[in-house]
2 protein chains.
Amino acid sequence: MEKKFVYSFNEGSKEMKDLLGGKGANLAEMTRIGLPVPFGFTITTEACNRYYEEKETVAQDIIDDVNEKILELENVTGKKFGSQENPLLVSVRSGSVFSMPGMMDTILNLGLNDQSVEGLAELTANRRFAMDSYRRFIQMFGDVVLEISKSAFDVVFDGKKLEKGVKYDVELTAEDLEEIIVKYKGIIKEHTGKDFPQDPKVQLVEAIKAVFRSWNNERAILYRKLNEIPDSLGTAVNVQSMVFGNMGDTSGTGVAFTRNPATGENKIFGEFLVNAQGEDVVAGVRTPINIENMEQAFPEAYKEFLKIADLLEKHYKDVQDMEFTVERNKLYMLQTRNGKRTAQAAVKIAVDMTNEGLIDKKTAILRLEPSQIDQLLHPTFDAEELKKADLTASGLPASPGAASGKVYFTAEDAVKAAENGEKVLLVREETSPEDLAGMVAAEGILTARGGMTSHAAVVARGMGKCCVAGCSEINVSEKTKTITAKNGTIYNEGDFISIDGSTGKVYRGAIKTVEPEVSGDFATLMQWADEIRELKVRANADNPKDAAQALSFGAEGIGLCRTEHMFFEEKRIPAIRRMILSDTVEERVKALEVLKPFQQGDFKGIYQVMKERPVTIRLLDPPLHEFLPSEDDEISQLADMMGVSFDRLKAKVLELHELNPMLGNRGCRLAVSYPEIAVMQTEAIIGAAIEIKKEEDIDILPEIMIPLVGEVEELSNVKATVVETADRLIAESGIELEYLVGTMIEIPRAALTADEIAKEAEFFSFGTNDLTQMTLGLSRDDTGKLITNYVDKKILENDPFQTIDVNGVGKLVEMAVALGKQTRPKIKLGICGEHGGDPKSIEFCHKVGLNYVSCSPFRVPIAKLAAAQAAVKNPIE
Amino acid sequence: MEKKFVYSFNEGSKEMKDLLGGKGANLAEMTRIGLPVPFGFTITTEACNRYYEEKETVAQDIIDDVNEKILELENVTGKKFGSQENPLLVSVRSGSVFSMPGMMDTILNLGLNDQSVEGLAELTANRRFAMDSYRRFIQMFGDVVLEISKSAFDVVFDGKKLEKGVKYDVELTAEDLEEIIVKYKGIIKEHTGKDFPQDPKVQLVEAIKAVFRSWNNERAILYRKLNEIPDSLGTAVNVQSMVFGNMGDTSGTGVAFTRNPATGENKIFGEFLVNAQGEDVVAGVRTPINIENMEQAFPEAYKEFLKIADLLEKHYKDVQDMEFTVERNKLYMLQTRNGKRTAQAAVKIAVDMTNEGLIDKKTAILRLEPSQIDQLLHPTFDAEELKKADLTASGLPASPGAASGKVYFTAEDAVKAAENGEKVLLVREETSPEDLAGMVAAEGILTARGGMTSHAAVVARGMGKCCVAGCSEINVSEKTKTITAKNGTIYNEGDFISIDGSTGKVYRGAIKTVEPEVSGDFATLMQWADEIRELKVRANADNPKDAAQALSFGAEGIGLCRTEHMFFEEKRIPAIRRMILSDTVEERVKALEVLKPFQQGDFKGIYQVMKERPVTIRLLDPPLHEFLPSEDDEISQLADMMGVSFDRLKAKVLELHELNPMLGNRGCRLAVSYPEIAVMQTEAIIGAAIEIKKEEDIDILPEIMIPLVGEVEELSNVKATVVETADRLIAESGIELEYLVGTMIEIPRAALTADEIAKEAEFFSFGTNDLTQMTLGLSRDDTGKLITNYVDKKILENDPFQTIDVNGVGKLVEMAVALGKQTRPKIKLGICGEHGGDPKSIEFCHKVGLNYVSCSPFRVPIAKLAAAQAAVKNPIE
């Protein structure tokens, strides 16, 4: 059978998303279940890929299929392409597998030409409307298809308004618009050397090509990169017979969610504009009315819409984001899709729907983007400071969270300032896709115009950035770079303000923020995640404060306590420097004795927080030169302070200098050379546990982790020191205490010889940061730009330091897991690199059978959710 | 059956080396085939290991077995331990699996006590001899068993000589010696608090323990490390009834080789001392006579010895190194073993024996230590310079090769000077095992005393260092650190001299050396190696001169031509710096155009040498900062020279600075960022090949190697540039030219994803230097000391940069080979790291199925031999 590249709406279903795109599949589905959808057809994503394969041409067989579908459309609607009597007009819209709002191009009113516009005028008995539609179509066609700058058309249009001395577009007459149409056609002739195409079939093919092209416009590429959407998917094209929300006061257009996408409240939520086309709502040009107020003007249509909304939510078992048009009191559904929502709303909706019996717990768990959870963990303003804060204005609470920053008025300025390390708020009249980079760079976004579904609001929610939108109490001048509030306050570029995206409030100056906590629906969902997941979630924490934070977010232990951070404190660093400068073991031991009480105190504090939960403590890891200055003047200063000669200190600095410290003398290599360091640290680790046992009768289970092992003999060597020291202390104490000795797997060779290493190691913790550096031969400090460049060029799919490189590093991890279990079937396996907090990497960890992941305290809930999702998606047999 | 720890000589055979040690197995073998061997028994290496396992004690069951064997020995010899009538005296000697000459301890005359010494005196009718034997035994026992410093005994002995006013030992009378014995026993009582043990069985057990202990003395450990002998083997102990070469002028002792160990000449070669014990020959204290001169004094014994020597060589099918003693005209064989020999001798002997039909070609190939071949490739003195050279003295040509260097007189001074980068000659009166470190550090060794089998000679030959021994024409004062030659010349510490170990000549000052070549027997052997080996051998060469050198040594292609070395030349580096400083592609291209003719010329020169042989050319690899200075004053100078501002140059230097350049922006990463570099290099590579084809009609097969690939997309990216450029040039030229594009496998991830990479790569070359650094997380620049420490502590078995780490890096190589072949069954596989010249690593390469190894030109013959040996040892099925 030949491949089918074009599907009528009644030939598809919601399962055919990959082929028809999200919009096309849902239009087909709505058609299938009998909802009022203007008829049309979809050109598949495969046609798009063929377009690119065939050097950006549309094959004749596809054009033939399209023409056939047009015939069918003419039959169904009784209208005819290009006809003066009953002209068929269509919209042409992109529709990719994953929603990419506003990223690609749309053309309306296609089919209008010098004949059919007359037909439209007669049929609607509204010549002005017909002419306005035609001039909009030409302009859109010029812009999108022929790539003529919008401003060329604006000059003509604004010129006519000036000539006529009118302020609003509606004040222009049909005759004015006819004159504009002539001039528009002139622009097209001038720019392309050809006449504006009168044949609707030609218009259509060109429009289809333009949509295909738009898949690879810069905005779309950036959006896909940000949202990790593969470039290979391609977009479908939906061709649908037009309905008009702008046919006067019995017409209108709306956008609505079945539940509130900001709060999750189970109540229809949306906006409606009378006498407008759909794009007017999305673009945020006019501020629309609340959907509930639609009832007054359109009681029948509203009632039907509510019924359809309810039906669609039950049908899709998820919140629906719908677009519709009322043409002369008749309701048409133009789109439905699962609604984007804030994290807060996502949580509430998932919990509510589960309680309503619509979905089960596993489905509820899958309804959240783990990275979105981040939003719930964003800071809010300190309540006390907020009381005293100076309110400037109020807008729409478009995306929750709170942020303070310096105001910048263009994406470019915002990016530059952020690069300079400033905290930035992007302030715009309204945002457009061109502002994306600035939004990425900003802490939050403030716009003066647009609603809850405006570009700024949608994108900010997607990014988890706080946003106050449609703040009509301020006037934003992008030209003079000032905000002028109704209350008289003026802010210039670089002034600090604070915005609260949960309340819509805008404040003067910077306000202190406070940390969030896990409660309510979120806690419920976390509990479900806990029931479902297989992976334990620990946190990386180096001190009692971080440990407490981690615990409050639900950490089940500490997966990585770095001991070296403890040494950098002012009181301690002199002792570690003394230790480094020691010429004999005795001197070194003396210096270490100074450090021990501090270290023991640190561990005791952490144990007191974590109680019986496991705590993995890593022995000293960094190269010793990190504790010494490198510049001559600093060396001189330190020498004076330490009472040693400059030359001696300088000599030590030079001796310790390394060309490639990443591959140098650190980790267990230090402990092999200076076993006394391991002795002191073991004494502190075990000593603190003994104290806690004696004082509070709590059984501590320290896991002593020996870093940077590449060969089992290294581990044996250091382990011998650790075990001897620990056993001595335990014997002396007269109490019983268990402890484990394990290692990081962070050198490729450790993974390759994990069977050997497991003979000595009671646990493995994958240090995927360093493992990635060595396995890929990429220094994280040196190749930031390179990696960005590689991701841009698609040489790498992801930044391997954010998401684990499954094909390379992942292969080593898998090998190490298999080899380790071969030697020691019950070996404890965890990960403590930054990947431990990355959802995709967590899924990998689940699949390879690790016991836990460890991440920064703030990512614990994300990790738990990701772990639960991994368990749902990949049940362990 | 219980394990047997003690074997009589008639219970073993030469196959039992692992258990009986080399010496013990050969004594058993000689006994078995009926040769005159003084009877005895061997305590096994397993007993030694048990000794260490059981905390350095000898188990009672082993002592019981020994006592039983003593009884047997008493029965066989008719003598009795401790008897005054007919005392049994024994030697106690170590004997490990691999010969470790002089490294462990030996005790002679054991069994003497106050009674048996009288018996010996009577039996031999030589009281002086008996007393001298007794005092020697006490001294040896005190030194070796009781660890009392030799000097304590020397003081007594020298004191007696002084008291008597005599010069030579032999001038002391039996009475004098009796007095000395009393004093010696006093020393032992004083040092140990116990009397010198009179019970021979006690003496024996203590002696056995001492031999076991000597397995782990420092010298033995160092020797094992140098010779890569496992510590776990342990030593056997041989207890043998004594025969005396020092029973007057009808007695004597000798050491001989069945063929000349220095030249390989098929003629008995050795030394003989009348009226001496064996140790006197080996220690080099007295200069012995040539073995052939033994015939005059001992015609019968000499005839028998020649017969036995011939028999042993035929029996063992290898050159034998024998020790024997003549006691009152009767010949006794004390030892036989395969003789150590110079590389030159090894080659001649292997070829001769093959031609004689004694061995086959494969055996001949196995008869050479590949590392020994190095000796044949050592330089000799330039003939012209040699004519004008100022001869100082002549000695024995103890180990071939020629060297110039500054003279140092102690091992310590030699080591220090060598560490400071000086070329050193170690000059000693005679060497002892304590001098080993100094010999390692030196270019060559010169001794004033000792023969061809003296310590210095044996060890130097083993090391492949040139050595002139027994140079009696010079007087060496280690105290004043001077050489005084008979011709009046005086050299002080630090003066330059030259020695020729092939001629025995010593010259004033430094003399130019010339490179060796492959000819004669060596060429024959190499030809046999070529017939047998499976691996091809290429060389690493960056210029026509090195390529020619490689070719003369038999290289079959170039496995690695590093293009960056070409840029460091004075005329070229400005252009590469210009290229680095370019702000635009255009500027960069302009700078590269300056470099292209140079580069193309280099390649043309190399092709002209290599002709049709494959040449692998690696694209630019090092990070760009290597081409710029780093210090401010150098930057300033260069800025002036280049006519750019200091600030601009400094900014570039800072921009390019990397914290971990090993993992930074180099290799293919440069070509991804700056494709124009790859374009220029490809143009030069292909352009030169086209020129050669047109001018000389030679088909060049360039293999273009893209370095540091970690991900196939990197390779695709750069390959696209290379192929486009190459194909364009070839099309323009109108000729046909084949070329390959491949990659280095030097990043762990490349090995892990070799199946992917093989889709693009037509060949893999394993860059095991960098692969080792990354796989082990060991920076070669920073961890030299650490690796030494690790090898000392046995954490690592070998320096992984010398011998491939089979368990780690080797595993990756194996994976990459398997994955690569999976995708591209005929993929060409080679290695170009330094391991390509290391025999053990070459065996690994053979086993995993590489096609070739590439090494430095001088190591090509070694690699060929190692490859042939690998093929013999591991035939590919």
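Residues numbered from 1 in each chain as written. Chains lettered and ligands numbered in written order. Predicted model: local features only at pLDDT ≥ 70, side-chain atom pairs only at ≥ 80, totals over all residues. Heavy atoms only, no water.

1. Looking at the overall build of chain A
Broken down by element type, chain A carries 35 helices and 33 strands. The globule rule puts the C-alpha radius of gyration for 877 residues at 29 Å, and the 32 Å found for chain A is close to it. Seen along its three principal axes, the alpha-carbon backbone of chain A occupies a region of about 105 × 65 × 50 Å. For chain A, with 877 residues in total, the buried portion stands at 58%. In chain A, the share of contacts with a sequence separation of at least 24, taken over all contacts with a separation of at least 6, comes to 69%. Total accessible area computed for chain A in this model is approximately 35000 Å², and 49% of it derives from carbon and sulfur atoms. Averaged over its 103 positive side-chain charges, chain A has a centre that lies 2 Å from the centre of its 138 negative ones. (Helix = DSSP H or I, 4+ residues; strand = E, 2+ residues; numbered from the N terminus. Rg over C-alpha atoms; globule rule 2.2 N^0.38 Å. Buried < 20%, exposed > 50% of the residue type's maximum accessible area, 1.4 Å probe, protein only. Contact = heavy atoms within 4.5 Å. Areas by Shrake-Rupley, 256 points an atom, 1.4 Å probe, with all protein chains shown as cover. Lys, Arg positive; Asp, Glu negative; His and termini not counted. Charge placed at Lys NZ, Arg CZ, Asp CG, Glu CD.)

2. Quick word on the interface of chain A and chain B
Contacts between the two partners involve 46 residues from chain A and, on the opposite side, 46 residues from chain B. Taken together, the two surfaces of chain A and chain B that pack against each other cover about 3800 Å², and 55% of this comes from carbon and sulfur. When the buried area of chain A at its contact with chain B is split by residue, Leu663, Arg749 and Asp782 of chain A rank highest and sum to 16% of it. Taken together, the connections running from chain A to chain B amount to 2 salt bridges. Across the salt bridge formed by Arg749 of chain A and Asp805 of chain B, the nearest N and O atoms sit 2.6 Å from each other. Run the count over chain A and chain B and you get 24 residue pairs in polar contact (both at pLDDT 80 or more). Secondary structure elements with two or more residues in the side of chain A that touches chain B: helix H26 (668-673), helix H28 (712-733), helix H29 (748-752), helix H31 (768-776), helix H32 (784-792) and helix H33 (809-823) of chain A. When grouped by side-chain class, the residues that make up the side of chain A that touches chain B number 19 nonpolar, 15 polar and 12 charged. (Buried area = accessible area lost by both parts, 1.4 Å probe. Salt bridge = Lys/Arg side-chain N within 4 Å of Asp/Glu carboxyl O. Polar contact = N/O pair within 3.5 Å; in protein donor to acceptor, adjacent residues only side chain to side chain. Nonpolar A, V, L, I, M, F, W, Y, C, P; charged D, E, K, R; others polar.)

3. So, the confidence of the model for chain A
In the predicted model, chain A carries a mean pLDDT of 91, and the fraction of residues at 70 or more is 98%. The ipTM for the predicted assembly is 0.78, set against a pTM of 0.79. (pLDDT = per-residue confidence, 0-100.)

4. Remarks on the relation of the copies chain A and chain B
Once chain A has been moved 0.1 Å along the axis and rotated by 180°, it coincides with chain B to within an RMSD of 0.3 Å. On this basis, the relationship between the two copies can be described by a two-fold rotation axis. Most of the interface of chain A is mirrored in chain B, where 100% of its interface residues are also at the interface. (Least-squares fit on C-alpha atoms with pLDDT ≥ 70 in both.)

5. Observations concerning the pattern of salt bridges
Residues and elements named next belong to chain A. Under the definition given, this model contains 139 salt bridges over all chains. Note that Glu46 is salt-bridged to Lys3, the shortest N-O span being 3.7 Å. On the criterion of sequence distance, the pair formed by Glu46 in helix H2 (residues 45-53) and Lys3 in the segment before strand S1 (6-8) is long-range, its members being 43 residues apart. Given a relative accessible area of 28%, Glu46 falls into the partly exposed group. Residue Glu695 is joined to Lys604 by a salt bridge in which the shortest nitrogen-to-oxygen separation is 2.9 Å. Placement of Glu695 in helix H27 (residues 675-696) and of Lys604 in helix H23 (residues 585-610) is noted, with a sequence separation of 91 residues between them. One salt-bridge network, in which partners are shared between bridges, spans Asp530, Arg533, Lys536, Glu556 and Lys864.

6. Structural notes on the pairing of strand S18 (residues 444-447) of chain B
All names here are of chain B. Here S18 shows two buried faces, one formed by Gly444 and Leu446 and the other by Ile445 and Thr447. Relative to S18, strand S17 (residues 424-428) runs parallel, the two being bridged by 4 bridges. Counterpart to Val427 in the pairing with S18 is Leu446. Read as a crossover between parallel neighbours, the route from S17 over helix H18 (residues 436-441) to S18 is right-handed. Here S18 pairs with strand S19 (residues 466-469) via 3 bridges, running parallel. Each bridged residue has a counterpart across the sheet, and for Gly444 the counterpart in S19 is Cys466. (Pairing = 2+ DSSP bridges. Right-handed = clockwise from strand over helix to strand, strands pointing away.)

7. Quick look at a nonpolar patch on the surface
Side chains of Leu222, Leu226 and Val440 of chain A sit close together on the surface and give an oily, nonpolar patch of about 210 Å² of accessible area. Tracing the backbone through its elements, the reader meets Leu226 of chain A in helix H9 (residues 218-227). (Patch = residues over 30% accessible without salt bridge, like charges linked within 9 Å, V, L, I, M, F, W, Y side chains within 5 Å.)

8. Notes on helix H12 (residues 299-316) of chain A
Residue and element names in this part refer to chain A. For H12, which comprises 18 residues, the first-to-last C-alpha distance of 26 Å matches the rise-based estimate of 26 Å (1.5 Å per residue) to within 8%. Every buried residue of H12 is accounted for by Ala301, Tyr302, Phe305, Ile308, Ala309, Leu312, Glu313 and Tyr316. For H12, the arc enclosing every buried residue in end-on projection is 135°, short of the 170-degree limit, so these residues lie on one face. Facing away from the buried surface of H12 by more than 90 degrees, the exposed residues are Glu300, Lys303, Lys307 and Lys314. Buried residues along H12 sit against helix H1 (17-32), strand S8 (252-257), helix H11 (294-297), strand S11 (320-327), strand S12 (330-338) and helix H13 (343-355). After H12 finishes, the residue Lys317 shows a positive phi value of roughly 50°. (Expected span 1.5 Å × (residues − 1). Arc of directions from axis to C-beta.)

9. Digging into the sheet that holds strand S22 (residues 490-492) of chain A
Residues and elements named next belong to chain A. The strand order across the open sheet built from 3 strands is S20-S21-S22, with neighbouring strands paired in antiparallel fashion. At either margin of the open sheet sits one strand with a lone partner, and together these are strand S20 (474-477) and S22. The mean angle between the axes of side-by-side strands here comes to 15°, regardless of whether they run parallel or antiparallel. Of the strand pairs in this sheet, strand S21 (residues 482-485) and S22 are connected by 3 bridges, and their pairing is antiparallel. Counted as the bridge partner of Thr484 is Ile490 from S22. (Axes fitted to C-alpha atoms, helices over the stretch in contact; angles between N-to-C directions.)

10. As for the environment of Leu620 of chain A
All names here are of chain A. Along the polypeptide, Leu620 turns up in the loop between strand S28 (615-618) and helix H24 (632-642). For the pair formed by Leu620 and Gln277, sequence separation is 343 residues and the distance between their alpha carbons is 65 Å. Filtering out sequence-adjacent residues up to four positions away, Leu620 remains in contact with Thr563, Glu564, Phe567, Phe627, Gly667, Leu670, Ile677, Gln681 and Pro707.

11. A closer look at the sheet that holds strand S9 (residues 269-274) of chain B
Residues and elements named next belong to chain B. With antiparallel pairing, 5 strands are arranged side by side in an open sheet as S10-S9-S8-S11-S12. The open sheet terminates on both sides in strands that have one partner only, identified here as strand S10 (289-290) and strand S12 (330-338). Of the strand pairs in this sheet, S9 and S10 are connected by 2 bridges, and their pairing is antiparallel. In the strand pairing of S10, Glu271 is matched with Asn290. Along the sheet, helix H12 (residues 299-316) contacts strand S8 (252-257), strand S11 (320-327) and S12; its crossing angle with S12, the most-contacted strand, is approximately 25°.

12. Details of the packing of H33 of chain A against helix H33 (residues 809-823) of chain B
The interhelical angle for the contact between H33 of chain A and H33 of chain B, taken along N-to-C directions, is 115°, at an axis separation of 14 Å. For H33 of chain A against H33 of chain B, the interelement crossing comes out right-handed. Across the interface between the two elements, Lys811, Met815 and Leu819 of chain A from H33 of chain A touch Lys811, Met815 and Leu819 of chain B from H33 of chain B. Grouping the amino acids of the contact of H33 of chain A with H33 of chain B by side-chain chemistry returns 4 nonpolar, no polar and 2 charged. (Left-handed = near helix turned anticlockwise from the far one by under 90°.)

13. What about the packing of aromatic side chains?
Two numbers describe a pair of aromatic rings. These are the distance of the centres and the angle of the planes. Residue and element names in this part refer to chain A. In total, this model carries 32 aromatic pairs over all chains according to the counting rule given. Geometrically, the ring pair formed by Tyr134 and Phe196 is edge-to-face, given 6.3 Å between the ring centres and 65° between the ring planes. Here Tyr134, found in helix H5 (residues 127-145), pairs with Phe196, found in the loop between helix H7 (174-192) and helix H8 (200-214); they are 62 residues apart in sequence, far enough to count as distant. When its relative accessible area of 1% is taken as the criterion, Tyr134 is described as buried. (Phe/Tyr/Trp six-rings, centres within 6.5 Å; stacked < 30°, edge-to-face > 60°.)

14. Structural notes on the nonpolar core
Counting residues in hydrophobic clusters, the biggest one holds 280 residues, and the most contacted among them are Tyr607, Phe764 and Phe766 of chain A together with Tyr607, Ile686, Phe764 and Phe766 of chain B. In this structure Ile686 of chain B touches Pro702, Ile704, Ala726, Leu729, Ile730, Leu737 and Tyr739 of chain B, once residues within four positions along its chain are discounted. (Core = buried A, V, L, I, M, F, W, Y, C linked by side-chain atoms within 4.5 Å.)

15. Regarding the environment of Lys465 of chain A
Residues and elements named next belong to chain A. Relative to the elements of secondary structure, Lys465 occurs in the loop between helix H19 (455-463) and strand S19 (466-469). Between the C-alpha atom of Lys465 and that of Ser502, which follows or precedes it by 37 residues, the distance is 11 Å. Apart from the residues lying within four places of it in its own chain, the contact partners of Lys465 are Ser399, Pro400, Met439, Val440, Ala442, Glu443, Ile445 and Ala460.

16. Points about H1 of chain A
Residues and elements named next belong to chain A. Look at H1: only 15 Å from first C-alpha to last across 16 residues, short of the 22 Å you get at 1.5 Å a residue. At Lys23, H1 shows its maximal bend, which comes to roughly 80°. Most of H1 sits out of view: 12 of its 16 residues are buried. All of the buried residues in H1 are Leu19, Leu20, Gly21, Gly22, Lys23, Gly24, Ala25, Asn26, Leu27, Ala28, Glu29 and Met30. Once H1 finishes, Gly34 follows within two positions and takes phi at roughly 85°, a positive value. (Bend = angle between axes of the 7 residues up to and from the residue.)

17. Here's the deal with the environment of Leu112 of chain A
Residue and element names in this part refer to chain A. Mapped onto the elements of the fold, Leu112 is located in the loop between strand S6 (106-110) and helix H4 (116-124). Using a relative accessible area of 0% as the deciding quantity, one classes Leu112 as buried. As a C-alpha pair, Leu112 and Phe137 span 25 residues in sequence and 7.5 Å in three-dimensional space. Contacts of Leu112, omitting those with residues within four sequence positions, involve Leu89, Val117, Leu120, Ser133, Tyr134, Phe137, Phe196 and Gln203.

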